[in-house]
Protein chains: 2
Amino acid sequence: MTLRNRPIPRGVSIVGAGMSKFGAFPEKASRDLFIEAYKDLVNSVDKGFDPEDIEIIYVGNFSNDLFEGQSHIAPIMADSIGLVPRPAVRIEDACASSGVALRQGIIAIASGMYDIVLIGGVEKMNNLPTSKVTDTLATGGDILYEIPAGFTFPGFYAAMATAYMHRYGATPEDLMNVAIKNHENGALNPKAQFNVTIPDWMEKRKASAKRKGKPVPTWETTWDFLHDDHANPMIAYPLRLFDCSPITDGATAVLLVADEIANQFTDSPIHIIGSGQASDMPMHDREDLTTIGAARYASHAAYQMAGVTPQDIRIAEVHDCFTIAEIIASEDIGFFDPGTGYSKAAEGVTARIGDKPINTSGGLKAKGHPVGASGLGQTVEIWKQMRGEAGKRQVPGDIPLALTHNVGATGQTCVVHIYERRS
Amino acid sequence: MTLRNRPIPRGVSIVGAGMSKFGAFPEKASRDLFIEAYKDLVNSVDKGFDPEDIEIIYVGNFSNDLFEGQSHIAPIMADSIGLVPRPAVRIEDACASSGVALRQGIIAIASGMYDIVLIGGVEKMNNLPTSKVTDTLATGGDILYEIPAGFTFPGFYAAMATAYMHRYGATPEDLMNVAIKNHENGALNPKAQFNVTIPDWMEKRKASAKRKGKPVPTWETTWDFLHDDHANPMIAYPLRLFDCSPITDGATAVLLVADEIANQFTDSPIHIIGSGQASDMPMHDREDLTTIGAARYASHAAYQMAGVTPQDIRIAEVHDCFTIAEIIASEDIGFFDPGTGYSKAAEGVTARIGDKPINTSGGLKAKGHPVGASGLGQTVEIWKQMRGEAGKRQVPGDIPLALTHNVGATGQTCVVHIYERRS
């Protein structure tokens, strides 16, 4: 079937975007992270604005219920930045929560009922020990048919990886290329959880061992490090530690307004011209594990709405919760043909200076993956890149069109947005 | 401040509504309950419809993460009724989740991006032991400033009750009147968790004691029963067991379409002409516990949008999670002046045959309170009543206008809708 997805009947612009530092912050509550993101957003609005003008707030969050023991998080966040009594709505679609929240904001403005909408995303994951985080993430699978069989998220994506490798001949090293690239990008992103390249990481580890009088690792190349079962242990074949995104605390925020008032906020708004969302069955029911069907539906809908093609898109932020996910995503969004994404990554096409840069922010892999905040984090990067404000990681040249691709869990949800900068 | 809340720019109609039986169903999963509600909805659509025509689904759910261990519930529900790959979005605002989901559906249709929207609500609470249910509900309060002080939901509403009694001179018996009325209504609702009056309940208890050879209770009147510390124990003064809504498994579903196509589904649609939502600070920060500020904001916005007054409304379903909540609600929605709701209840004004019937369904108190499904459950009752399909509990005469009032937690969220039947 084709998803019915009519054009947005009213232009929508991003006029501000911010994020907290991503990382592990045991001393901070979710509301502290959100305040940090919101302040960053406020500072990003070129002409300033009166927060009183915000009319409604959508908050993307996966499971603060389980992570922090605080549900009903939307009014808590609204109160934390002085927005009560405005309507406050939490949106949950697993790791796609804030991408879907952005989409609800677009719909709210399109409705004509609202002109100025705040979108937030937040997740506070490091309150729990790692095994409990894994259990919590697993609730995003199918708890009747998948989790009792022993699946966790590394396992789900490992299954996709082996299916992909089997069909297309990719190797574990092809996956590692994605990690190397994303850490190179993350090293240039001050807000990233891991703002360090893998070679720098190796040197730090060596220096630390030397300082402590321990045996100094003998890695000579990045590949030595990535194949070291101690430094980069196998999590679920073929995925090693550096194929997996980290456990992250973080928050993100975007200010969305109707096009016709965007110039009150900035002379350089970023317009959203395409928005697609789709759902899918749990993974155990799907015939093909080498692609995420919801991502193909959502991409198609977004391209159709925007009236553009994958060839027109200059950069993309895609959902690289695992390295294999980025490769599959690069095919699902139409950048590359099925089965060719891994070789394009190896050829450097998706590097910052390549033809189709992907995850210049460092991606979920290096920037970090506070699940409910990650989708909107992609939008924050697009905002910076399209406005030429991405600092050392800035992609060269104009970026007239960009795309974000945000997946929930194993792909039961995907939401894709297309952004335009009009010169 | 006044909440900005522009008119819905496009007419919206309910053309079908259904619910599962409410109760405790240890053998059913949340998806089973949802399928039951959806089938009931399908049967309610007068002219039938093709489920393939549904374009997007919103699912209200409080915390299936904690209750059932299944998050990312929206695509699971979509899949359970064959709706993938349509977008599936979970909305969470504690006990107002499905009322807010309904509002998102209205916004989606108003946007012009969608014409046919399915709204669902579901909660599966009885998987956990009662104390864990209480803990789970408590996550809807403020976990930094309220829950560590020992508050649970009976405690929150007990604080509202004592504040109200102190200011206005109401008594615990005034609260009990609400329970008596709502059980009378629930006794006439086959889908209610407790479809039994309190006098019938007493007789059953007496018969059971006699059958078992135990001492037969000596209650002669309802009041004897309600004052019996054994039969109706104190939970948190002044709230006794029968002042509290039960722990409930249940699901609800509503089919929402653009006005201009409503007659393809039915000749008797119910139009939604007003929709208001507001947020508030956690309870510990509020100055006045005898009213819920978000309910006043949301009501005002809904009335203004609809262009009607409380005097115009024939019936209402309000959020009686506790008896005191119904009394405060009857004032917050403008049916009665502050401090008079309890005497109006005593006078029978809110009874089924009164001037202002409230909770003809039995309310959360007797119908049951599957928290994320309850808001939409109110809409199901309004649908039945306005179409004259409420059976033995049918309110006499025409019902041109009706209202629902759905509260999240202690009132950090409230959402109010106004419904119209055009003859």
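A quick note: this is a predicted structure, and the numbers were derived from the prediction, not measured.

(A) Layout of unusual backbone geometry. Residue and element names in this part refer to chain B. Looking along the chain, the bond that leaves V84 and enters P85 is cis, with omega of 15 degrees. Note that the residue after Y237, namely P238, is joined by a cis bond; omega there is 0 degrees. For A409, which is not glycine, the phi torsion reads 55 degrees and is therefore positive.

(B) Focus on the interface of chain A and chain B. Listed as interface residues are 56 residues of chain A and, on the opposing side, 57 residues of chain B. Only α2 (64-67), α3 (73-80), β3 (88-92), α4 (97-110), β8 (270-279) and α10 (293-306) of chain A provide two or more residues apiece to the side of chain A that touches chain B. The class makeup of the residues in the side of chain A that touches chain B is 29 nonpolar, 16 polar and eleven charged. As paired strands, β3(A) and strand β3 (residues 88-92) of chain B are joined by three bridges and run antiparallel to one another. Its bridge partner being in β3(B), E92(A) is matched across the sheet by R90(B).

(C) Here's a closer look at the pairing of strand β7 (residues 249-258) of chain A. Residues and elements named next belong to chain A. With nine of ten residues buried, β7 lies mostly within the body of the structure. Relative to β7, strand β1 (residues 12-19) is paired through seven bridges, and the arrangement is antiparallel. Paired with A17 across the strands is V254, a residue of β7. Note that strand β4 (residues 116-124) and β7 share nine bridges and pair antiparallel. What sits directly across from V122, in β7, is A251.

(D) Here's a closer look at the relation of the copies chain A and chain B. The two copies are related by a screw motion: chain A maps onto chain B through a turn of 180 degrees and a shift of 0.0 Å along the axis, at an RMSD of 0.0 Å. Given the turn and translation reported, the copies of this chain are related as if by a two-fold rotation axis. Residues of chain A ranked by C-alpha distance from the rotation axis are headed by S111(A), positioned 1.7 Å from it. The overlap is high: 100% of the interface residues of chain A also sit at the interface in chain B, so the same surface is used on both sides.

(E) Quick look at the nonpolar core. Of all hydrophobic cores here, the largest spans 253 residues; its most connected members are Y157(A), Y157(B) and V254(B). For Y157(A), the residues in contact, after removing those within four places along its chain, are L239(A), C321(A), F322(A), I324(A) and A325(A).

(F) Main features of the environment of F225(B). All names here are of chain B. Positionally, F225 belongs in helix α9 (residues 222-226). For the pair F225 and P199, spaced 26 residues apart in sequence, the C-alpha separation works out to 8.8 Å. What F225 contacts, discounting residues up to four positions off in sequence, is I198, M202, W219, A231 and N232.

(G) Seen up close, the environment of S131(A). Residue and element names in this part refer to chain A. Relative to the assigned elements, S131 resides in helix α5 (residues 130-138). Among the residues examined, S131 registers 9 C-beta atoms within 10 Å and is labelled exposed. Remark: the alpha-carbon pair of S131 and L3, spanning 128 residues in sequence, is separated by 38 Å.

Rules of the game
- Residues numbered from 1 in each chain as written.
- Chains lettered and ligands numbered in written order.
- Predicted model: local features only at pLDDT ≥ 70, side-chain atom pairs only at ≥ 80, totals over all residues.
- Contact = placed C-beta atoms within 7 Å.
- Helix = DSSP H or I, 4+ residues; strand = E, 2+ residues; numbered from the N terminus.
- Nonpolar A, V, L, I, M, F, W, Y, C, P; charged D, E, K, R; others polar.
- Pairing = 2+ DSSP bridges.
- Buried ≥ 20, exposed ≤ 12 C-beta atoms within 10 Å, placed from the backbone.
- Least-squares fit on C-alpha atoms with pLDDT ≥ 70 in both.
- Core = buried A, V, L, I, M, F, W, Y, C linked by C-beta atoms within 7 Å.

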